[in-house]
Every structure is written in C-alpha cells, then in structure tokens.
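One-letter residues, chain by chain:
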Amino acid sequence: MKAQHERHENSQLRAENEKLRAENIRYKEALSNATCPNCGGPAAIGEMSFDEQHLRIENARLREEIDRISGIAAKYVGKPMLSYPHLSPGGSRSLDLGVGNYGPQTGMAGEIYGAADLLRSVSGPTDADKPVIIELAVAAMEELIRMAQTGEPLWIPSTDNSAEVLSEEEYVRTFPRGIGPKPLGLKSEASRESAVVIMNHINLVEILMDVNQWSSVFSSIVSRAVTLEVLSTGVAGNYNGALQVMTAEFQVPSPLVPTRENYFVRYCKQHTDGTWAVVDVSLDNLQRPASISRCRRRPSGCLIQELPNGYSKVTWVEHVEVDDRAVHSIYKPLVNSGLAFGAKRWVATLDRQCERLASVMANNISAGDVGVISSPEGRKSMLKLAERMVMSFCSGVGASTAHTWTTLSGSGADDVRVMTRKSMDDPGRPPGIVLSAATSFWLPVPPKRVFDFLRDENSRSEWDILSNGGLVQEMAHIANGRDPGNSVSLLRVNSANSSQSNMLILQESSTDSTGSYVIYAPVDIVAMNVVLSGGDPDYVALLPSGFAILPDGPTNQAGGAPEVGSGGSLLTVAFQILVDSVPTAKLSLGSVATVNSLIKCTVERIKGAVLCEAA
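- The name given to the protein in an unreviewed UniProt entry is Homeobox-leucine zipper protein MERISTEM L1, with the source organism recorded as Sesamum radiatum.

This is the structure in structure tokens:
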C-alpha cells in the first residue's frame, strides 16, 4: 500500500511539472511577442532599472496627488465634473475635476489706482486648460521642494561665497520638463534665501493665499494683483490643496525700472512632515489673449517650517526669466545682483512686515513709545494709519503700467516724471486733482547714512521746503522693529512765521537689508486727535510723499566696496500735491512747473546736505 501511494504521488507531481513547463513555454512566447505600450515597438526583456522603478513610483504618487486635488476641488467647490483623458503609460484614465469660479479678487494696491481693470483684461483659464494647470502645479511643487532643499551641484557658491548661484546646466539636467526651454531674448535670474520670522506658519500661509493680504504685506514689491479664478479652496478649514489662477505686477520703487507682469497659478500644500509650501508657476502658454511675455516665473515660492513660540523658518526660491534691457543703467547692477526682485528682497520684506504686524498686535505701550499716545487703542490706530500711508506711497512711486508718467525734460536719470489723477469719493484721500512727481538719482554715500539723515527730525529743515525753516518737534514715537530706524512718528512743525498755523506730519521710517523708506504726509490736527484717542484711521485724508533708498549694487560681505556697486545709494524722491480741490478742473501748467521746481530744489538740498555731511 505504501509503494502504491508513492507511485500515485509521483504521477501527480509529474503531471504538475508538465503543466508548469507548458506555462513557462507560453510565457516565453508572450514575452518574445511583447510590444511597448507607448511606442508599439518590441519591448526589451530585462530587469527594470532602479531609475525606471523610481520614476514609476514617482509618477504613481503624482497621479494620486492630481486625483486628490481634483477630488478636493469637486467636493468643496461643487461645479460639474469634467472627464479628462489622462495621458499615462498604462493607457487612458479619467480625471475628475471640480472647478469653482469665485470671481476676480483684487489686491488693495491695484484698487487704489484703479488698476484692477487693466489686470482683468487677462481672462481666466478655459475648462480645457484646467487639467493642464493642475498637472503643471503639482510638478512645480515637486520642483520647488527640491530647489529649496538641494545643495551642490544644483546650487554652487558665488566667487566671494556671499551668495548661492544656480547652475543652469545642472538645473536643465535635473528638471528636463517644466514649462519648456528659455525663450530667446530672456535671461535667467535665480536666488534662494532663508530666515526665521516672528509669525506662525498658519498666518503666513493665509497671507500668501489671500491676494489682498499678500499685496498689502508686500506692497513695496507687488504693485497690482488679481485672483482671476479659484480652482480649489483646499481642505475645509485650511489652504492644503488650494489652487488659484492669478495675475500680478512686481516693481522696484523707482520709475526707472520697468515692472514685471506675470500670469500664473499658485498652489499651496501641507507635506507629511508638517512643512507648508506655496509655489507659483507661469501659465504664459495658456494666456488669453496670447502675448509675448517679457517675464515668466519658473517654479518660485517658499517653504514654511513651524518653530516654537510662534516663529517660522521660511526658505524662499525666486526663479524667473526676464527681458531687462529697459532697466536704466544706474539700476542695472542692483537688478543683476538679485537684490531688486530676488529671494533676498522677498524674505527681508517679509521679516520686516512680520515685525510691523507684531508691533500692531501688541497691547502694551512699550518704553520706546513716547509723547502724546496715552492708550493702546490710539497706538494701534496710528500704526494702521501709517500702514495705509506706506501702501499708498509704494503703489504710486514705481513704473506700473497703471500709471502714465510724463518726463518733464530730457532723458537723464534724474529728470522729473509727473502724472495726474482725479481723486473722488475716497474718504482716505482729499478730493480733487492730485499731481504726483518722482525722480531717481545716485548719491556717492552709503544707504544707511542717507536714511539716517532723512528720518532725523533735527535735519528736516535742511531739505523740507514746506516746513519753511520752522522748528520740527517729535510729538509721538512708536518703535515697530528691531532696528532703531524702524518707527512711526508724529511731528509738529512750529512755523517761524507767527501768522502761519503749525503743521502736523505723520512719518514712518523703515529699513531692512535690501532697502529703506522714509514716508510722510501732512495730517489734519482735528483728525489726528481722533486717531490718537483710538478713532477710525480710515477717514483721515492722506497724500503721502517720501523717499525710497536702495543700495547701488550688492555689498561685499568681507567689507569694502563691491565690484559692480560703489557702496553708494539710489534715491527716489516722490511728492504728491493736491493742485485743485475741484475734481473736474483742468491741470494748469503753473502747477506742473511748481511741483517740478519743488522736487528739483529738494533734490539739490539733499545732495548738498548729505555730501557736505559725508565730507
């Protein structure tokens, strides 16, 4: 019986072996006839390489993320679902995409000058474009993360070790797809910067994703901004997965540097380690109406890492391709160094603004606050009024296409440029025709010395013609930053002529590593008393004037003057004057001549005083 049982078992194993052999032959035949699903050609038999395996895993993960974002968009925005044939190696799949149109949101800087209509001339994306935009945004997020975290050979130290330089060859090798090759006539600008700022990560994300807050906080850089369409609002309660199509215009505070306009998608994502990232990437190929762009954004944005005690670490990457031939020669070294539009300026501005916001939120009156401010409410109102003054100044001093500057004489760097606009039905601005004038020029004096001279009330009578040589007295002082130069002041000009009434001036001075500002505006004494007692500052009429002080090139970290810059300053002087209180009146040539002589006389006084002090 035992032998019979073994024979039966052997015959079973033999039959199973024959079956496996036949199956093996069938598989070999199938492999020999296999075709590539992409090209239809014969498939190579062999082990899958590590790179290929890694790419397949990466592609699967990216497809999952696209599906997740599309699902979020469908769930929270609730528009009709759109079936989209997905081009993937495994054949076609459908992509569910919900689309919401929340209408254009406009940044405050744009609204001030009626620029919203110009930006709205760019229409939002079509339904056919939206799946492409989502894929582009997901790929841009991957690129931003790697650009922010990778060191050499992608980023290499500059010759003097003062900065990092992007290796273009390594970049093309690392990111072969993206938004396509660099167009002819455009040059690349890439920079990376990190800083710890006094704001929690949730508030930072909210500022970046709300166009009004973003253009307010970065008013010195963003002259106009509009959200054209919200494709996804993100997960309920936060901006994780939020997608929005935007247009924005970026500026330097001088009419001599053309602005840079971009049409782009902004995508926000929270990563598994808790880090948040916000990325922009240009949509020039989808722009309606189609136009040749002078500037486009490759994946740019920031990583935000939560730190204890309400602080955050921000790593910023700026990567653009731009035609900068129209930049005036005195600003070329600054623009070429990346200090004008690069990551260093974005981070320095964010750090400074976080300080200002922390100061506004403080309830106590610090020892640095002196003068007529007696309550936390009065302090907060005065700081809010100063913030509006700064935004109004910044949005009217650059070369924004919303403005029509007219040059009064010649084509030199320090010629005066003027523009007019009608102010009506704005409680924060006096009604009538407002004449703005601006000029930029170079001074062979370091920016800090120019800044300290212009912000000091004791030296004001040396350059301020409107003070008529009167004694300037500081009535109130609020420190709103680490640097002693960062402050808001209320000044009283005691007129030398007894028949003239005294004048009040609100002034904010602000400085960071990439630039400084001294901005001021005459204020009504009665209205200012309301503000100091905690009243609403929005109804105080302001016409700000002031100065933007920039370095003339990068400063050498080791000390001494750099090769391209000379350690000097680029100073922009801007005035705003109400020339007629009747909005329908026409501007007279006499008004233009007056403001022209006023600004030129101020420039000569500043040059004389600063150079004399330096000597």
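What follows picks up the thread again.
What to know about the pairing of strand E16 (residues 417–423)
Turning to step 1, where the next piece is worked out: Of all the seven residues making up E16, five are buried; the element is thus mostly covered by neighbouring parts of the structure.
Turning to step 2, where the next piece is worked out: Where E16 meets strand E17 (residues 432–443), seven bridges bridge the pair, whose relative direction is antiparallel. Within E17, the residue paired with Arg 417 across the bridge is Ala 438.

Remarks on empty space enclosed by the protein
Turning to step 1, where the next piece is worked out: Under the defined criterion, the tally for this structure stands at seven cavities of 30 Å³ or more.
Turning to step 2, where the next piece is worked out: Of the volumes computed, that of the largest cavity is approximately 250 Å³.
Turning to step 3, where the next piece is worked out: Taken together, 22 residues form the lining of the largest cavity, with Ser 220, Thr 349, Gln 353, Ser 510 and Tyr 517 sitting closest to its centre.
Turning to step 4, where the next piece is worked out: For the lining of the largest cavity, the secondary-structure elements that each account for two or more residues are helix H8 (211–217), helix H10 (343–361), helix H11 (376–394), strand E20 (503–512) and strand E21 (515–523).
Turning to step 5, where the next piece is worked out: Here the residues of the lining of the largest cavity are counted per class, giving eight nonpolar, nine polar and five charged.

Let's talk about the environment of Arg 266
Turning to step 1, where the next piece is worked out: Topologically, Arg 266 is positioned in strand E9 (residues 260–270).
Turning to step 2, where the next piece is worked out: Take Arg 266: its relative accessible area is 3%, and that puts it in the buried class.
Turning to step 3, where the next piece is worked out: As a C-alpha pair, Arg 266 and Ser 300 span 34 residues in sequence and 9.6 Å in three-dimensional space.
Turning to step 4, where the next piece is worked out: Residues contacting Arg 266, with those up to four places away along its chain left out, are Leu 208, Met 209, Trp 214, Ala 242, Leu 243, Gln 244, Met 246, Val 278, Val 279 and Asp 280.
Turning to step 5, where the next piece is worked out: A polar side-chain atom of Arg 266 sits 2.6 Å from the main-chain carbonyl oxygen of Leu 208.
Turning to step 6, where the next piece is worked out: Within the local environment of Arg 266, its side chain forms a polar contact with the side chain of Asp 280, the two groups lying 2.7 Å apart.

Quick word on helix H7 (residues 201–209)
Turning to step 1, where the next piece is worked out: Those residues of H7 that fall on the buried side of the exposure criterion are His 201, Leu 204, Val 205, Ile 207, Leu 208 and Met 209.
Turning to step 2, where the next piece is worked out: Near the N-terminus of H7, the side chain that reaches the backbone nitrogen of Ile 202, with its oxygen 3.0 Å away, is that of Asn 200.

Thresholds, definitions, all that
- Residue numbers here run from 1 along each chain, matching the order of that chain's written sequence.
- Totals for whole chains, interfaces and linings use all residues, but because this is a predicted model, local features are given only for residues with pLDDT of at least 70 and pairs of side-chain atoms are given and counted only at 80 or more.
- Only hydrogens and water are set aside; all other atoms, that is, all heavy atoms of the structure, feed into the side-chain values.
- Note on exposure labels: buried denotes an accessible area under 20% of the residue type's maximum, exposed denotes more than 50%, and partly exposed covers the range between, all computed with a 1.4 Å probe on protein chains only.
- Counting from the N terminus, the helices are DSSP H or I runs at least four residues long and the strands are E runs at least two residues long.
- Any two strands with at least two DSSP-identified bridges between them are counted as paired.
- In this analysis the probe radius is 1.4 Å and the grid spacing 1 Å, with only protein atoms considered; a cavity is a set of points the probe fits into but cannot get out of, a pocket is an open set with protein on both sides within 12 Å along at least five of seven lines, and lining residues have an atom within 4 Å of a point.
- Grid points are joined across faces, edges and corners, and a volume is the space filled by probe spheres set on the points.
- Gly is placed with the polar residues, together with every amino acid not listed as nonpolar (Ala, Val, Leu, Ile, Met, Phe, Trp, Tyr, Cys and Pro) or charged (Asp, Glu, Lys and Arg).
- Residues are treated as being in contact if the distance between any of their heavy atoms lies within 4.5 Å.
- Counted as a polar contact is a pair of N or O atoms within 3.5 Å, where, for protein atoms, one must be capable of donating a hydrogen and the other of accepting one, and residues adjacent in sequence contribute only when both atoms are in side chains.

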